[in-house]
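# Observations on the model geometry
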Amino acid sequence: MDFNMKKLASDAGIFFTRAVQFTEEKFGQAEKTELDANFENLLARADSTKNWTEKILRQTEVLLQPNPSARVEEFLYEKLDRKVPSRVTNGELLAQYMAEAANELGPTTPYGKTLIKVAEAEKRLGAAERDFIHMASINFLTPLRNFLEGDWKTISKERRLLQNRRLDLDACKARLKKAKAAEAKATTVPDFQETRPRNYILSAIASALWNDEVDKAEQELRVAQTEFDRQAEVTRLLLEGISSTHVNHLRCLHEFVESQTTYYAQCYRHMLDLQKQLGRFPGTFVGTTEPASPPLSSTSPTTTAATMPVGPSVAGLAPPGEAALRLEEVAPPASGTRKARVLYDYEAADSSELALLADELITVYSLPGMDPDWLIGERGNKKGKVPVTYLELLS
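Note that the structure is predicted; figures quoted are calculated from it, not measured.

## Things to note about the sheet that holds strand β1 (residues 338-342)
Taken together, five strands build an open sheet; the order of strands is β4-β3-β2-β1-β5 and the sheet is antiparallel. Strand pairing shows two members of the sheet lacking a second neighbour, β4 (382-387) and β5 (391-393), which therefore form its edges. Averaged over neighbouring strand pairs, the angle between their axes works out to 40 degrees when direction is ignored.

Right under this line is the structure:
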C-alpha cells in the first residue's frame, strides 16, 4: 500500500510539473525545446496523411453505401466483431419489383415482357455492384482503416510520450537555471560592516545547499535529455514509416481503380446487351420477343467504351431458311400504310435499311412474316427496313 501511495504521489508530482511547464510555455514565461526542421516536416506530413486518409475513407464509404443508417449498422457490427448481414442492393430490389409487376400485369404483354428483360438486366447490375463493393472494401477500405486504427494509434502514442519527455526536459532546464541563480546569490559575501556575523554562517550553509541542488538538477537534466533523445529517435523512425504507408496506399488505390473499372465495364455491357434486346437507344423501352442474354464476363476491359451504343443491326424480312425479299420488288399494300414521325437519328447498318433523321415524317407498313420489331419505311423514292422503336406512329 505504501508503495502504491508513493507511486501515486510521484505521478501526481510529475503531472503537476508538466502542467506548470506547459502553462508557462503558453504564456511565454518558459523556454521550449524546439525540434529540428526535418522532424517538424515529418510531423506535418504524418498529420496530413492521417487527415486525408480519414476524409478519403469516409467519402469512399459514402460512395459504396449512400444510406447513412446502413453505414451505422455496418459500423456497429464491425465493432461487435459480428458478421455483417447480406444486404440486397438497390438494383436487385428494383429487379424484384419489376419481375413481380410483370407477373401481375401480364408477362406476355409488351410491357410485361419488357419489365422482365429490364428486371434481368437490373439483377445483373445489382450483382456487379455487390461484387464491386466487396472488392473495394477488402482492397481499399480495409488497408486505410488498418492504418488509422493501427499504425496511427502507435504514432500518436509515441508522440504523446515524446511531448511528455520534452516537458520533463524543459522543466529540468528551468530547475537547473533557478538553482544556479540561487547558488550565485548565496555565494555573495555580505558586507561585514552592515551584516551581523551569523549571516556568514547562514550564507555558507545556503551556498552548500544550493550547490547540492545544482548537482542534483544537472543529474536530472542528463537523465531527462537521454530519455528525450531516445524517445525522439523512436518517434522519428515511426514517422519515416509514413513513406511505406504511402506506397501501400498507392497499391490499394490502383486496385480500387481496377475494381471500379471492371464494375462500370460490366454495367456498360449489361446495358448495351439490354439495349440491343429492346432495339433502341436509351429512352422509353419497348419489349421484344428475344430471350435475355446471359451475364457477361467480369474481366476488365482493354479499350474505352463507345460514347453512343449502336442500335439493332440484324432483323430478317423472311423466316430462317427462306430467301430474303428484295426491297425494290416489295410493293406497299393497298391498305395499312401509316405515317410515322422519327424519334431518333438512325444510321443504316446495310443497304437493306433506311437511314433516319429525328423528327422527319415517313410512310411505313408491314409485310407478312416480318419481324414485329421492324417495318418497311419509305421516304420519297428511298425504301428500307426501319426499327419500330425509333418511330412514333401517327395514323
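## A closer look at the pairing of strand β3 (residues 374-379)
Burial analysis of β3 places five of its six residues in the buried class, which makes it a mostly covered element. Sheet topology places strand β2 (residues 361-365) next to β3; three bridges connect them, and they run antiparallel. Each residue of the ladder has a partner; that of V364, found in β3, is G377. Relative to β4, β3 runs antiparallel, the two being bridged by six bridges. Counted as the bridge partner of I376 is K385 from β4. Hairpin connection of β3 to β4: two residues between the antiparallel strands, including G380 at a positive phi of 65 degrees.

## Regarding the pattern of salt bridges
The tally for this structure, following the rule as stated, stands at 14 salt bridges. The salt bridge involving R236 is made with D36; its shortest N-O contact spans 2.9 Å. Taken as a pair, R236 in helix α6 (residues 198-240) and D36 in the loop between α1 (2-26) and α2 (37-64) lie far apart in primary sequence, 200 residues in all. A residue is classified by how much of its surface remains accessible, and D36, at 37% relative accessible area, is partly exposed.

## Quick notes on helix α7 (residues 242-278)
Here α7 contains 37 residues, and its C-alpha end-to-end distance of 53 Å stays within 8% of the 54 Å for a straight helix at 1.5 Å per residue. Looking one or two places after α7, you find G279, whose phi comes out positive at around 75 degrees.

## Notes on a nonpolar patch on the surface
Side chains of V88, L93 and Y97 sit close together on the surface and give an oily, nonpolar patch of about 280 Å² of accessible area. Its place among the elements puts Y97 in helix α4 (residues 90-105).

## A closer look at the nonpolar core
Ranked by size, the top nonpolar core spans 34 residues in total, and within it F132, F140 and L239 carry the most contacts. Where this core is concerned, the elements lending two or more residues are α2, α5 (110-186), α6 and α7. Per-element accounting of this core gives the leading share, 16 residues, to α5. Those residues in contact with L239 that sit more than four places away from it in its chain are F39, L42, L43, R45, A46 and I155. Counting residues in each nonpolar core, the second largest holds 16 residues, with A340, L356, L367 and M370 among its members.

Conventions we followed
Residues numbered from 1 in each chain as written. Predicted model: local features only at pLDDT ≥ 70, side-chain atom pairs only at ≥ 80, totals over all residues. Heavy atoms only, no water. Pairing = 2+ DSSP bridges. Helix = DSSP H or I, 4+ residues; strand = E, 2+ residues; numbered from the N terminus. Axes fitted to C-alpha atoms, helices over the stretch in contact; angles between N-to-C directions. Buried < 20%, exposed > 50% of the residue type's maximum accessible area, 1.4 Å probe, protein only. Salt bridge = Lys/Arg side-chain N within 4 Å of Asp/Glu carboxyl O. Expected span 1.5 Å × (residues − 1). Patch = residues over 30% accessible without salt bridge, like charges linked within 9 Å, V, L, I, M, F, W, Y side chains within 5 Å. Areas by Shrake-Rupley, 256 points an atom, 1.4 Å probe, with all protein chains shown as cover. Core = buried A, V, L, I, M, F, W, Y, C linked by side-chain atoms within 4.5 Å. Contact = heavy atoms within 4.5 Å.

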